[in-house]
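# Structural overview for review
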Amino acid sequence: MLTYLGVVALGLVLLVWSADRFVREAAGLARALGISTLIVGLTVVAMGTSAPELLVSAMAAIQQSPGIAVGNAIGSNIANMSLVLGAAALCAPLTVQSLTLRREFPVLALIMLLATALLANAHLGRLDGLILISGLVGLMVWLVWLGRHSEPDDPLTSEYVRSVPRQSSPAPAITWLLVSLLVMLASAQMLVWGATQSARTLGVSELVIGLSIVAVGTSLPELATSVAGALRREYDIAIGNVLGSNMFNTLAVLA
């Protein structure tokens, strides 16, 4: 039992490190290629922080562990809205100043309603996956449009300019992207295997493990980003990180 928990712990440590490195390098590379900072923040950063959930759920689904796959996606959203936002709010009172961010609130609500309707029969099939992927494509198009048509003085833009690094050369960024992606794949595999074996040893369902240990673990990148944003008084980033992660978790991870 201790061996399985040790594998889970090691997988989580490697997953958090590789996800943080992946987001940093991807965002910096996108800025170096001339992509708008706000668009980078709304898309690359939001997707990158959901990469652990995506890889873990995909690995679990491939290995016929749907409880961990679905539990991770839903549990991560719960952890984001409670643990991550709660921890950030304890660090500093959060105030949303960005009009761009406020426009995301109703979109997140619609996405959650869509996922609830698809999961009403306790089954996610290929058609459901196609519907969610179509929603993801629509979301990406809308976020890019939103980033291009936002106000130039939107507070979220200035916060992303300060927090997202610009890479001077693409070569090191691409190298680190590949390294961090490989580490994420390996650590996701370790986490799924350790979580599955732990569930069997403890005699609990994989869904419970997915909703608890795995979900909280894959939410650690969001926790670090939001807490850091709150401490730097970048309140829109602290909240926007949670909104973006939940949207991508629901559409991409479940799909």
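Residues numbered from 1 in each chain as written. Predicted model: local features only at pLDDT ≥ 70, side-chain atom pairs only at ≥ 80, totals over all residues. Heavy atoms only, no water.

Take empty space enclosed by the protein next. All chains considered together, the criterion is met by 1 cavity of 30 Å³ or more. The calculated volume of the largest cavity comes to roughly 70 Å³. What lines the largest cavity is simply Gly 41, Leu 42, Val 45, Ala 46, Leu 101, Glu 104, Leu 156, Tyr 160, Gly 240, Asn 241, Gly 244 and Ser 245. Of all the secondary-structure elements, those providing two or more residues to the lining of the largest cavity are α2 (37–49), α8 (155–163) and α12 (235–253). Partitioning the lining of the largest cavity into residue classes produces 6 nonpolar, 5 polar and 1 charged. (1 Å grid on protein atoms, 1.4 Å probe; cavity = no way out; pocket = protein on both sides within 12 Å on 5 of 7 lines; lining within 4 Å. Points joined across faces, edges and corners; volume = space filled by probe spheres on them. Helix = DSSP H or I, 4+ residues; strand = E, 2+ residues; numbered from the N terminus. Nonpolar A, V, L, I, M, F, W, Y, C, P; charged D, E, K, R; others polar.)

Let us now look at helix α11 (residues 220–231). For α11, with 12 residues, the first-to-last C-alpha span of 16 Å sits near the 16 Å given by 1.5 Å per residue. Among all positions in α11, only Pro 221, Glu 222, Leu 223, Ser 226, Val 227, Gly 229 and Ala 230 are buried. One or two steps after α11, the chain reaches Arg 233, where phi turns positive at roughly 65°. (Expected span 1.5 Å × (residues − 1). Buried < 20%, exposed > 50% of the residue type's maximum accessible area, 1.4 Å probe, protein only.)

This part is about the pattern of salt bridges. Oppositely charged side chains can pair when the atoms bearing their charge come close. Under the counting rule described, the total for this entry stands at 1 salt bridge. Residues Arg 232 and Glu 234 are paired through a salt bridge, measuring 3.0 Å at the closest nitrogen-oxygen approach. Taking relative accessible area as the criterion, Arg 232 reaches 45% and is therefore assigned partly exposed. Residue classification places Glu 234 among the buried residues on the basis of a relative accessible area of 2%. (Salt bridge = Lys/Arg side-chain N within 4 Å of Asp/Glu carboxyl O.)

All right, on to the packing of helix α10 (residues 206–218) against α11 then. At a closest axis distance of 4 Å, the pairing of α10 and α11 adopts a crossing angle of 45°. One element, α10, and the other, α11, form an angle in the oblique class. On α11, the residues touching Val 216, Gly 217 and Thr 218 of α10 are Leu 220, Pro 221 and Glu 222. Looking at the contact of α10 with α11 residue by residue, the class counts come to 3 nonpolar, 2 polar and 1 charged. (Axes fitted to C-alpha atoms, helices over the stretch in contact; angles between N-to-C directions. Parallel < 35°, antiparallel > 145°, perpendicular 65-115°, else oblique. Contact = heavy atoms within 4.5 Å.)

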